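Structure assessment
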Amino acid sequence: RTENSNITAMMEFVLLGFSDIPDFQRIRFGVFLVLYLTILMCNSVTVLITRIDPTLQTPMYFFLNHFSILEICYVTVTIPRMLTDLLSQKGRISFIACATQMCLVLLFGGLECLLLAVMAYDRSVAICHPLHCGLTLSPQVCAQLVTASWVSGAPVVIGQTWQVFSLPFSGSTTINHFFCDLPPVFKLACGDTFVNEIAVYVVAVVFIMVPFLLIVVSYGKIISNILKLRSARGRVKPSPLAPSTTYLQPKPNQSEETGKLVSLFYTVLIPTLNPIIYTLRNKDITMALRKLLRKLST
């Protein structure tokens with residue numbers, strides 16, 4: 001084996017996290033812990049209710065169930081590690097663990113983008129073609145759409161992660177970030193990373209721009225249909241577009257501090273807001289939750 005491969009095989013990275021801001025570490029730990037527990041609790045309640053309540057056995061809540069599961073997986077890949085590093089102030093992470101974390105972050109983030117597009121399509125069918133909704137989005141079709149998201153996303157993300165971590169690494173092993181994200185890891189690689197960055201942009205187009213355009217088209221049809229039928233009742237279910245514009249977004253030219261702030265936004269803040277958008281403002285889920293609480297209290 002070459003010297004570079006030996007260096008790479010034995011490497012251990014150090015995540016700086018927020019160690020460059022030493023003040024208020026315990027306060028940050030408390031805030032992030034509360035946000036993490038809130039995300040877990042809200043999404044777990046959504047998963048439970050959409051599975052057990054018979055009135056919520058519709059395509060919309062089927063997709064919402066899977067979206068909530070993805071949210072739990074996504075934040076669990078990053079926040080517990082960040083909390084541990086805030087306490088220990090060490091930030092050491094092995095080469096394999098770093099690659100695994102990056103792979104899972106890209107996978108769950110990309111799947112959420114695809115699922116948001118599917119959820120927008122579901123709303124479009126339900127509002128514009130309500131009589132055909134049961135046939136167009138049957139339970140079998142819904143399961144196939146979710147399965148297709150996993151099948152299409154996993155090989156691409158695994159291949160991209162392998163491509164990044166097959167680069168030679170030597171010299172500095174310090175990652176100025178709180179998890180193994182693409183841009184800070186790229187900065188540690190030796191040699192020309194142009195081909196790898198092009199691959200990142202291609203994957204970003206597939207997993208971000210395509211779902212984003214599908215969401216825009218779906219909601220465009222919904223708005224057009226509502227304008228034509230002014231007397232139609234019901235509300236358009238909102239879809240948080242912020243994750244679809246940030247997940248897997250290559251950011252090679254932005255500063256490291258800006259990169260950390262942007263990552264903090266879509267790994268902590270957006271997952272905290274999503275349950276509010278989908279659960280607390282959803283009358284069906286709040287009614288189902290009240291029924292469940294009444295049953296548990298009797």
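Scroll up to find the structure.
Quantities reported herein were computed from a predicted structural model and do not represent experimental measurements.

Reading the values: the criteria
Starting afresh in each chain, residues are numbered from 1 along the sequence in its written order. Per-residue local features are limited, in this predicted model, to residues with pLDDT of at least 70; the limit for side-chain atom pairs, both in listing and counting, is 80 or more; totals at the level of whole chains, interfaces and linings are taken over all residues. Derived side-chain values reflect all non-hydrogen atoms in the structure, with water molecules and hydrogen atoms excluded from consideration. We call a set of buried Ala, Val, Leu, Ile, Met, Phe, Trp, Tyr and Cys residues a nonpolar core when their side-chain atoms join them within 4.5 Å. Here the term buried applies to any residue with accessible area under 20% of the maximum for its type, exposed to any over 50%, and partly exposed to those in between, with areas from a 1.4 Å probe on protein chains only. Numbered from the N terminus, helices here are DSSP runs of H or I no shorter than four residues, and strands are runs of E no shorter than two. Whether two residues touch is decided by their heavy atoms; if any such pair falls within 4.5 Å, the residues are in contact. Take a side-chain nitrogen of Lys or Arg and a carboxyl oxygen of Asp or Glu: if they are within 4 Å of each other, that pair is a salt bridge. Here an axis means a line fitted to C-alpha atoms, over the contact stretch when the element is a helix, while the angle between two N-to-C directions is reported on a 0 to 180 degree scale. By definition, any crossing whose near helix is turned counterclockwise from its far helix by less than a right angle is left-handed, and any crossing with a clockwise turn is right-handed. Note on residue classes: Ala, Val, Leu, Ile, Met, Phe, Trp, Tyr, Cys and Pro are nonpolar, Asp, Glu, Lys and Arg are charged, and everything else, Gly too, is polar. Here the expected length of a helix is defined as 1.5 Å per residue gap, with one fewer gap than residues. Values of bend correspond, residue by residue, to the angle between axes fitted over the seven residues ending at that residue and the seven starting there. Comment on the angle field: the value is read as roughly parallel under 35 degrees, roughly antiparallel over 145, roughly perpendicular from 65 to 115, and oblique elsewhere. Any two rings among Phe, Tyr and Trp, with Trp reduced to its six-membered ring, count as a pair given centres within 6.5 Å; such a pair is stacked if its planes are under 30 degrees apart, edge-to-face if over 60, and tilted if neither.

It is worth spelling out the nonpolar core at this point. Counting 69 residues, the largest nonpolar core has F13, M82, F165, F169 and V185 as its most contacted members. Here this core gets 17 residues from one element, more than from any other, and that element is helix α4 (residues 95-128). Beyond its immediate stretch of four places on either side in the chain, V185 contacts C98, M102, V164, F165, F169, I175 and C180.

Once that is clear, we can look at the side chain of T78. Following the sequence through the fold, T78 ends up in helix α3 (residues 59-88). A relative accessible area of 1% places T78 in the buried class. Those residues in contact with T78, other than ones at most four positions away along the chain, are Q101, V105, F179 and T267.

Here we take up the pattern of salt bridges. One pass over the full model with this rule turns up 4 salt bridges. Note that R92 is salt-bridged to E12, the shortest N-O span being 3.2 Å. Of this pair, R92 sits in strand β2 (residues 92-94) while E12 sits in strand β1 (residues 12-15), placing them 80 residues apart in sequence. Residue class for R92 comes out exposed when judged on its relative accessible area of 52%.

Before going further, it helps to spend a moment on the packing of α4 against helix α6 (residues 139-165). Where α4 meets α6, the closest approach of the two axes is 9 Å, and the angle between their N-to-C directions is 145°. The interaxial crossing formed by α4 with α6 has right-handed handedness. Class assignment for the residues of the contact of α4 with α6 results in 20 nonpolar, 5 polar and no charged.

This brings us to helix α8 (residues 194-228). With 35 residues, α8 ought to run about 51 Å at 1.5 Å a step, and its terminal C-alpha atoms sit 49 Å apart, in line with that. At V205, α8 shows its maximal kink, close to 35°. Residues of α8 that are buried make contact with α4, α6 and α7 (182-186).

Once that is clear, we can look at the packing of helix α2 (residues 25-52) against helix α10 (residues 283-297). Relative to each other, α2 and α10 sit at 85°, their axes nearing to 10 Å. By the angle between their directions, the pair α2 and α10 is classed as roughly perpendicular. Contacts between α2 and α10 pair V45, T46, L48, I49 and I52 from the former with I285, A288, L289 and L292 from the latter. Residues belonging to the contact of α2 with α10 are distributed by class as follows: 8 nonpolar, 1 polar and no charged.

Scanning all chains against the criterion turns up 8 aromatic pairs. Taking 6.0 Å as the distance between ring centres and 25° as the angle between the ring planes, the aromatic pair formed by F13 and F95 counts as stacked. Of the two residues, F13 is situated in strand β1 and F95 in helix α4; the sequence distance between them amounts to 82 residues. As far as burial versus exposure is concerned, F13 and F95 are alike and both buried. The interplanar angle of 90° and the centroid separation of 5.3 Å between the aromatic rings of F95 and F165 together place this pair among those described as edge-to-face. Placement of F95 in helix α4 and of F165 in helix α6 is noted, with a sequence separation of 70 residues between them. Judged by its relative accessible area of 12%, F95 falls in the buried class. Exposure remark for F165: the relative accessible area of 7% places this residue in the buried category. An aromatic cluster of three or more residues is present, and its members are F13, F95, F165 and F169.

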